[in-house]
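Notes for the structure review
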Amino acid sequence: MKIAIGSDHAGYPLKQAVKEHLVRQGLECVDYGTQNAVDSVSYVGYAASVAEAVQKKAVDLGIVVCGTGLGVSMTVNKYRGIRGALCCNEYMARMARQHNDANVLALGARVLGSALALAIVDAFLAEPFESGGRHQVRINEIATVEDTCFKA
Ligand code: RB5
């Protein structure tokens, strides 16, 4: 499995921890930056790079991190076909995959301890989408909303 990952300065330490965690499990990780916690940067470009990689299917899933997880989740959800899920616990992460087929996980580095954050990542990566039923119908409805909104 190939994962795209990106963060701003606030998310940088957690991004690094997640990256090490993924690599330790033998997963391929494409790091879109940022590369330090010192320089204050906008989360938008980093989240956008991850969203584009997922959208183009250059990777299987994405993980984005900022201080709260809010800015990065708002950004990735502007991309057609991206279903970004800001998750604060393992249950949300499981449901994000199982019911929403989320393809990007957003994390808040300033609101999660690193052990919980890594447990959320593991839950997100392990859970399959419950395809073929009512959840697929709802995902399709999201795509219809995208079509309608992007035309307006
Ligand atoms: C950076 O200070 C902070 O605003 C950012 O990481 C994020 O939390 C925004 O949503």
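Described in the following lines is the structure provided in the data block. (Residues numbered from 1 in each chain as written. Predicted model: local features only at pLDDT ≥ 70, side-chain atom pairs only at ≥ 80, totals over all residues. Heavy atoms only, no water.)

Here Thr34 lies in the loop between strand E2 (28-31) and helix H2 (44-55). Those residues in contact with Thr34 that lie beyond four places of it in its chain are Ser7, Asp8, His9, Tyr12, Lys15, Val41 and Tyr46. (Helix = DSSP H or I, 4+ residues; strand = E, 2+ residues; numbered from the N terminus. Contact = heavy atoms within 4.5 Å.)

With that settled, the discussion passes to the site of the ligand. Asp8, His9, Ala10, Tyr43, Cys66, Gly67, Thr68, Gly71 and Arg110 make up every residue found near the ligand. Within the side chain of Asp8, a nitrogen or oxygen atom sits 2.6 Å from an oxygen atom of the ligand. Arg110 places a side-chain nitrogen or oxygen 3.3 Å from an oxygen atom of the ligand. Its free accessible area being 290 Å², the ligand has 70% of it covered by the protein chains. Here the shell around the ligand is composed, by residue class, of three nonpolar, four polar and two charged. (Near = heavy atom within 4 Å. Polar contact = N/O pair within 3.5 Å; in protein donor to acceptor, adjacent residues only side chain to side chain. Areas by Shrake-Rupley, 256 points an atom, 1.4 Å probe, with all protein chains shown as cover. Nonpolar A, V, L, I, M, F, W, Y, C, P; charged D, E, K, R; others polar.)

Summed over all chains, the structure comprises zero aromatic pairs. Directly above the aromatic system of Phe124 lies the positively charged group of Arg97, at a separation of 5.9 Å from the ring centroid. (Phe/Tyr/Trp six-rings, centres within 6.5 Å; stacked < 30°, edge-to-face > 60°. Lys NZ or Arg CZ within 6 Å of the ring centre and 35° of its normal.)

As a further point, take unusual backbone geometry. The omega torsion across Gly33 and Thr34 is 5°, close enough to zero to call that bond cis. In this model, Asp101 sits at a positive phi of 50°, which is unusual for a non-glycine residue. With respect to the secondary-structure elements, Asp101 resides in the loop between helix H4 (90-98) and strand E5 (104-108).

This part takes up the pairing of strand E1 (residues 2-7). For E1, a buried count of five out of six residues is recorded, marking the element as mostly surrounded by other parts of the structure. Sheet topology places E1 next to E2; four bridges connect them, and they run parallel. Bridge pairing in E2 links Lys2 to Glu28. In this structure, E1 lies alongside strand E3 (residues 61-66), joined through five bridges in parallel fashion. Residue pairing across strands places Ala4 opposite Gly62, the latter belonging to E3. (Buried < 20%, exposed > 50% of the residue type's maximum accessible area, 1.4 Å probe, protein only. Pairing = 2+ DSSP bridges.)

Glancing now at the side chain of Glu127. By secondary structure assignment, the location of Glu127 is in the loop between helix H5 (114-126) and helix H6 (134-151). Buried charge without a salt bridge: Glu127, with Arg94 as the nearest opposite-charge side chain at an N-O distance of 4.7 Å. Excluding residues within four positions of it along the chain, Glu127 makes contact with Arg94, Arg97 and Gln98. (Lys, Arg positive; Asp, Glu negative; His and termini not counted. Salt bridge = Lys/Arg side-chain N within 4 Å of Asp/Glu carboxyl O.)

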